[in-house]
Amino acid sequence: MFLSVFDVFKIGVGPSSSHTMGPMTAANRFLDLILSDEWPRPAGAHVTALKASLHGSLAYTGIGHGTGNAVIIGLMGEAPDKVDPDRMDEIIAEVERTGRVTPPGHPGYNFKPKDDLVYDKKTPLPGHANAMRLTALDRDGRVLLTQVYFSIGGGFVVTETELLAMQKNKKAASTQKVPYPFASAKEMLAMAASSGLSIAQMKRANEEAVMDRATLDAGLDRIWDAMSGCIDRGLKQDGRLPGGLNVRRRARSIHDKLQEEWRSNRQNPLLANDWLSVYAMAVNEENAAGGRVVTSPTNGAAGVVPATVRYYLHFHPEADQEGVRDYLLTAAAIGGIIKHNASISGAEVGCQGEVGSASAMAAAGLAAVMGGSPEQIENAAEIALEHHLGMTCDPIAGLVQVPCIERNALGAVKAVTAASLAMKGDGEHFVPLDACIETMRQTGNDMNEKYKETSLGGLAVNVVEC
Ligand code: SF4
């Protein structure tokens, strides 16, 4: 099994990898399909109009997550990693005004969001909770082409056929030949023992099977730059987050207080926790505002990994750029194992799969740069994940704000604690990471749908919106 570090960490836009980036990517894929020869085009038929319908969790929480807007932007040919977040409102306004989408290389199609974009809560599509259907029609309203896409978490999008292939044979998810194809933590530890390499070195060797070292390092640096830029932007913003909940941004004011404390050498026994929390909150406030973020492994959980990297740079005097690269490679190795054997999608397994996975990845990355052995790193990931087991996904009003923003802060704190605990041991521990991941998968399967990104239970129904 091989999942590239650049599939785990993808630069995109907020607020949700599954509900914003995935649908935008699905729209991009549908545009490519329209131009391709992969469908039986009746002689003389021309696509003149498009329609989209959102199903399951995409329909229930799509408005709060900006799913409809993501589809519109995707149908305008904009991709999550390229679109300028500051131009998105303008693009949507243009489509609403003209009733047309005009992606580059296409003739332009009729698409009136009010009529042609449907939030269909009554018809879940079998296969996955995050489903959408895109349809192309000719001028007589005849359906020429229709395709269902599933947004399976972390910005990944698959068709029905691809999903079936993945479910039938998980290995179909990646056919890439790599020197260390570990699909579980047990295999990872065995390969580390037999090769004498660290987890980061094995992951690097796998990545370098498909790209040269300079490209890999430049890509890793770009990922960290994007994460770091997101923290910095988040720390400068004030005001209320969009969406109607009227949630106040807090990262800036907390940061101001921490800086003041730092300058005046005032004692703060929770200093590291406070800095970790403010970094994570800065990222997740940016995410909630639809800003530029990096999936880590999802948008909803995007604050944990950057916060712990920034904490490492801030509080560990030996920290350097090479350390950040090793951190990201190690974290991606753990994220890949979790995704392969369970899920990183809140709609599939609840928040244990999002913030829980992010915390496990961050704990592993931090243990790695603290000089941990592969066993200590696996232990760190396991501690962090174990203590997120059972955590539900219940965002109020379907917005990735409450509980998500603070939850990332706490996920980062747990990650650092888990890494520290693991570094105090020798790597021997009671619950293997694989058992913890399998427990998360089973718990997610048993979890009531109300708690899987539908906003039909939990905090989402017990807190009165103002
Ligand atoms: S509660 Fe967790 S899984 Fe659900 S949207 Fe928020 S961060 Fe994502």
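Conventions adopted
Residues numbered from 1 in each chain as written. Predicted model: local features only at pLDDT ≥ 70, side-chain atom pairs only at ≥ 80, totals over all residues. Heavy atoms only, no water. Helix = DSSP H or I, 4+ residues; strand = E, 2+ residues; numbered from the N terminus. Buried < 20%, exposed > 50% of the residue type's maximum accessible area, 1.4 Å probe, protein only. Contact = heavy atoms within 4.5 Å. Near = heavy atom within 4 Å. 1 Å grid on protein atoms, 1.4 Å probe; cavity = no way out; pocket = protein on both sides within 12 Å on 5 of 7 lines; lining within 4 Å. Sits in = over half its atoms within 2 Å of the grid points. Nonpolar A, V, L, I, M, F, W, Y, C, P; charged D, E, K, R; others polar. Salt bridge = Lys/Arg side-chain N within 4 Å of Asp/Glu carboxyl O. Points joined across faces, edges and corners; volume = space filled by probe spheres on them. Phe/Tyr/Trp six-rings, centres within 6.5 Å; stacked < 30°, edge-to-face > 60°. Lys NZ or Arg CZ within 6 Å of the ring centre and 35° of its normal. Domains from an automatic or database assignment. Buried area = accessible area lost by both parts, 1.4 Å probe. Polar contact = N/O pair within 3.5 Å; in protein donor to acceptor, adjacent residues only side chain to side chain.

Draft legend 1. Highlighting the side chain of arginine 310. Looking at where arginine 310 falls in the secondary structure, it is placed in helix 14 (residues 304–315). With relative accessibility at 14%, the residue arginine 310 sits in the buried group. Discounting residues that sit within four places of it in the chain, arginine 310 has contacts with Trp224, Ser228, Ile231, Asp232 and Tyr279.

Draft legend 2. Layout of the site of the ligand. The local shell around the ligand consists of Gly300, Cys351, Glu354, Cys393, Asp394, Cys404 and Arg407. Because more than half of its atoms lie within 2 Å of the grid, the ligand is assigned to the largest cavity. When its residues are assigned to classes, the shell around the ligand shows three nonpolar, one polar and three charged.

Draft legend 3. A look at the pattern of salt bridges. Enumeration over the complete set of coordinates arrives at 22 salt bridges. With a shortest N-O distance of 3.5 Å, aspartate 217 and arginine 325 are connected by a salt bridge. One end of the pair, aspartate 217, is in helix 11 (residues 213–236); the other, arginine 325, is in helix 15 (residues 321–341), and 108 residues separate them in sequence.

Draft legend 4. Fine view of empty space enclosed by the protein. Scanning the model with the defined rule gives three cavities of 30 Å³ or more in all. The space that makes up the largest cavity amounts to roughly 180 Å³. If you trace the largest cavity, you find 20 residues lining it, with Gly300, Glu354, Cys393, Val400 and Cys404 closest to the centre. Among the elements of the structure, helix 2 (17–35) and helix 19 (404–424) are those that each provide at least two residues to the lining of the largest cavity. Sort the elements by how many residues they give to the lining of the largest cavity and helix 19 lands first, with three residues.

Draft legend 5. Quick look at the packing of aromatic side chains. Following the criterion strictly, the structure yields four aromatic pairs and no others. With centroids separated by 5.8 Å and ring planes inclined at 75°, the aromatic side chains of tryptophan 262 and tryptophan 275 adopt a geometry described as edge-to-face. Residue tryptophan 262 is found in helix 12 (residues 251–263), and its partner tryptophan 275 is found in helix 13 (residues 271–288); the two are separated by 13 residues along the sequence. Given the relative accessible area of 43%, tryptophan 262 is considered partly exposed. With a relative accessible area of 4%, tryptophan 275 lands in the buried category. Taking the centre distance of 5.7 Å and the plane angle of 45° together, the rings of tryptophan 275 and tyrosine 279 count as tilted. Taken as a pair, tryptophan 275 and tyrosine 279 lie in helix 13 at a separation of four residues, close to a single helical turn. For the pair tryptophan 275 and tyrosine 279, a shared accessibility class is recorded, and that class is buried. Across from the ring centre of phenylalanine 156, 3.8 Å away, lies the NZ or CZ of lysine 10, which sits over that ring. Lysine 339 extends its terminal NZ or CZ atom over the ring of phenylalanine 156, reaching a point 4.2 Å from the ring centre.

Draft legend 6. Structural detail: the domain arrangement of the protein chain. As far as domains go, the protein chain holds domain 1 (17–169) and domain 2 (185–462). Across the domain 1/domain 2 interface, buried area totals approximately 1,500 Å², and carbon plus sulfur atoms make up 56% of it. Applying the counting rule to domain 1 against domain 2 returns zero salt bridges. In this structure, the connection of domain 1 to domain 2 is made through eight residue pairs in polar contact (both at pLDDT 80 or more). Among the elements of the structure, helix 2, helix 3 (57–60), helix 4 (62–65) and strand 7 (143–153) are those that each provide at least two residues to the side of domain 1 that touches domain 2. Top contributing element to the side of domain 1 that touches domain 2 by residue count: helix 2, with four residues. Residue classes in the side of domain 1 that touches domain 2 are distributed as eight nonpolar, eleven polar and two charged.

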